[in-house]
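Survey of secondary and tertiary structure
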Amino acid sequence: MILFPLMFYLWSTSNAENESISKPNIVLIMVDDLGIGDLGCYGNTTLRTPNVDSLAKKGATLTQHIAAAPLCTPSRAAFLTGRYPVRSGMASLNRLGVFLFSASSGGLPTEEITFAKLMQQQGYSTALIGKWHLGINCNSSDDFCHHPLNHGFDYFYGIPVNNIRDCRPGHGSVFASGIKMYIPTTLQITGTALISLAVLHYIGLLRVSHRVLGYSFLMTALLLGLLMYFFYNFRYLNCFLMRNHDIVQQPWSYENLMQRFTEEAKRFIKRSAAKEKLLKVCGALHLNFRNLKLECACLPARYTSYFLPKGQILHALDQWHLSERTLVYFTSDQGAHLEEISSNGEVHGGYNGIYKGGKSTNWEGGIRVPGLVRWPGVVEPNISIDEPTSNMDIFPTIVKLAGAPLPMDRIIDGHDLMPLLQGIALQSKHEFLFHYCNAYLNAVRWHPGNSKSIWKAFFFTPNFSPKGSNGCYDSHVCFCHGNFITHHDPPLLFDLSKDPEEKNSLTPETESHFYEILQVIQQAVNNHTKSLTVVPNQFSLGNILWKPWLQPCCSSFIQFCYCNNDS
């Protein structure tokens, strides 16, 4: 599987020397599915990640950095808006928790305010290079209501939807298990119903016109044909590369793809250098290192490779004398996807270190992610911050640095990181963090101000499959409701300060304040729930289904939407 970097660049028009601290250049790098255990700076002793490790040595390492959701789409929505995804409708009530199809109508609502919008208003040039995964269109194939350029970015080069193994020939399909599980049953039920109608009509128990029977068989055949066409051509319909509003490669080619992303980033930095301030947000790129042509810090063959390409972005900042005035942030959208195994048995999912679970779960392995911040002269080098922080904190942090006011008409769940990064504050403002599995409140983290304990209570947990494993291998990801979970009453309680691996849940016998702790957490849940408002759900059935009239296509369906205009 290939992980695409999400790179956000914000570059201000101001060139005043005394604004280098208040309005810095900003480079944000968000890797897709990177496990906290994949990096040397987080304790891995067998893998070499020197470029990422150099960020830790020259800046701050956040040891309890938490993703707002354990899946790509909601986590990225929270990152951009500083708000829990349930507030924007970017959390699903159904099984599907991410956007899979480019011709779906769901996406980040236009009413949401991203940090890019606010910083654009402060004179920053903004660019996003890499993976978006927050929708494209609403009503037509070119209205671009959810597109990055409609959410505060001046420039976009990357992939608008997902990057699953179906996008890469010869690597199998993530839909295979679902098709094996549901299609035969669906066909059996449909076939049995149609044959039963025909038999009942033939023996005279039920009068059905030949026209109705004919239309029923025809509709079934058409739907089946459409389904087969869609999955057979999934790569052509959903795996494409865009530059701004234009599709430049459909499907995209993996050849030199990371190099193309890197060169786009360097060109944007160079173009914007004269304007003095930039925000760049980088996404994540999954690449099998054996196919990699760049000089990178890569993982072994059994892992996806995660890297900063030979430090080229950092080198570009040094080359143009921008490092001293640039804040660089590095993270992952959630933990490693443990169940990501290719059709030939290669494990591409990454490593979450000592932490339990992975992507799609709120065990620590699914939400505790790398968090590195480098800003020479402002953030001390080689420091470690052990307080709970969130990827939602980036929103208020960089908006405040840009001199923009925070929106007053909505709740912002993130908190400014600068007091922690500069040593002005010693404790995080996050007394509570709420962990959602799609739109369902799954767990709560409580860090009391007068204690070193970090309590975490689970209201339900996923049922791993096979039983005894560390993930949901039978279904490729874990789900959030029904027979896929086990509810807990009272909730499972852990003290992460003593049990970060979440091995031993506490009981009234092992924790004397057991019920008092749960009572405080429940009151926090009640207060949090009262703060939520009803918003349109972007993952409703109507929003996630493939709609042919919304299909982006650079040629025609007859030509299988093929083009290659990326120089």
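Please refer to the structure placed before this passage.
One structure accompanies this document, and this report is about it. Here the structure is a predicted model, which is why all the values come from computation and not from measurement. (Residues numbered from 1 in each chain as written. Predicted model: local features only at pLDDT ≥ 70, side-chain atom pairs only at ≥ 80, totals over all residues. Heavy atoms only, no water.)

Regarding the layout of surface pockets
There is about 300 Å³ of room inside the second largest pocket. Residue lining of the second largest pocket: 15 residues in total, with Arg83, Arg87, Glu112, Thr533 and Val535 positioned closest to the centre. Each residue belonging to the lining of the second largest pocket can be placed in one class, and the counts come to 5 nonpolar, 4 polar and 6 charged. (1 Å grid on protein atoms, 1.4 Å probe; cavity = no way out; pocket = protein on both sides within 12 Å on 5 of 7 lines; lining within 4 Å. Points joined across faces, edges and corners; volume = space filled by probe spheres on them. Nonpolar A, V, L, I, M, F, W, Y, C, P; charged D, E, K, R; others polar.)

Notes on the side chain of Arg445
Counting through the fold element by element, Arg445 comes out in strand 14 (residues 440-446). By relative accessible area, which is 1% here, Arg445 ends up buried. A distance of 2.5 Å separates a polar atom in the side chain of Arg445 from a polar atom in the side chain of Glu364. (Helix = DSSP H or I, 4+ residues; strand = E, 2+ residues; numbered from the N terminus. Buried < 20%, exposed > 50% of the residue type's maximum accessible area, 1.4 Å probe, protein only. Polar contact = N/O pair within 3.5 Å; in protein donor to acceptor, adjacent residues only side chain to side chain.)

Quick word on the sheet that holds strand 16 (residues 485-495)
With antiparallel pairing, the 4 strands of this open sheet are ordered in space as 13-14-15-16. Only two strands of the sheet have a single neighbouring strand rather than two, namely strand 13 (432-437) and strand 16. Mean inter-strand twist for the sheet, computed between neighbouring axes without regard to direction, equals 20°. Alignment of strand 14 against strand 15 (residues 455-462), held across 4 bridges, turns out to be antiparallel. Counted as the bridge partner of Trp446 is Trp455 from strand 15. (Pairing = 2+ DSSP bridges. Axes fitted to C-alpha atoms, helices over the stretch in contact; angles between N-to-C directions.)

Structural notes on the packing of aromatic side chains
Centre-to-centre distance and the angle between the planes together describe a pair of aromatic rings. Across all of its chains, the model carries 16 aromatic pairs by this definition. A centroid spacing of 6.1 Å and a plane angle of 90° characterise the contact between Phe458 and Phe494, whose relative ring orientation is edge-to-face. Of this pair, Phe458 sits in strand 15 while Phe494 sits in strand 16, and the two are 36 residues apart along the sequence. In terms of burial, Phe458 and Phe494 fall into one category: buried. Taken together through their ring pairs, the aromatic side chains of Phe79, Phe115 and Tyr329 make up a single cluster. Over the aromatic face of Tyr155 sits the side chain of Arg271, whose NZ or CZ is 5.4 Å from the ring centroid. (Phe/Tyr/Trp six-rings, centres within 6.5 Å; stacked < 30°, edge-to-face > 60°. Lys NZ or Arg CZ within 6 Å of the ring centre and 35° of its normal.)

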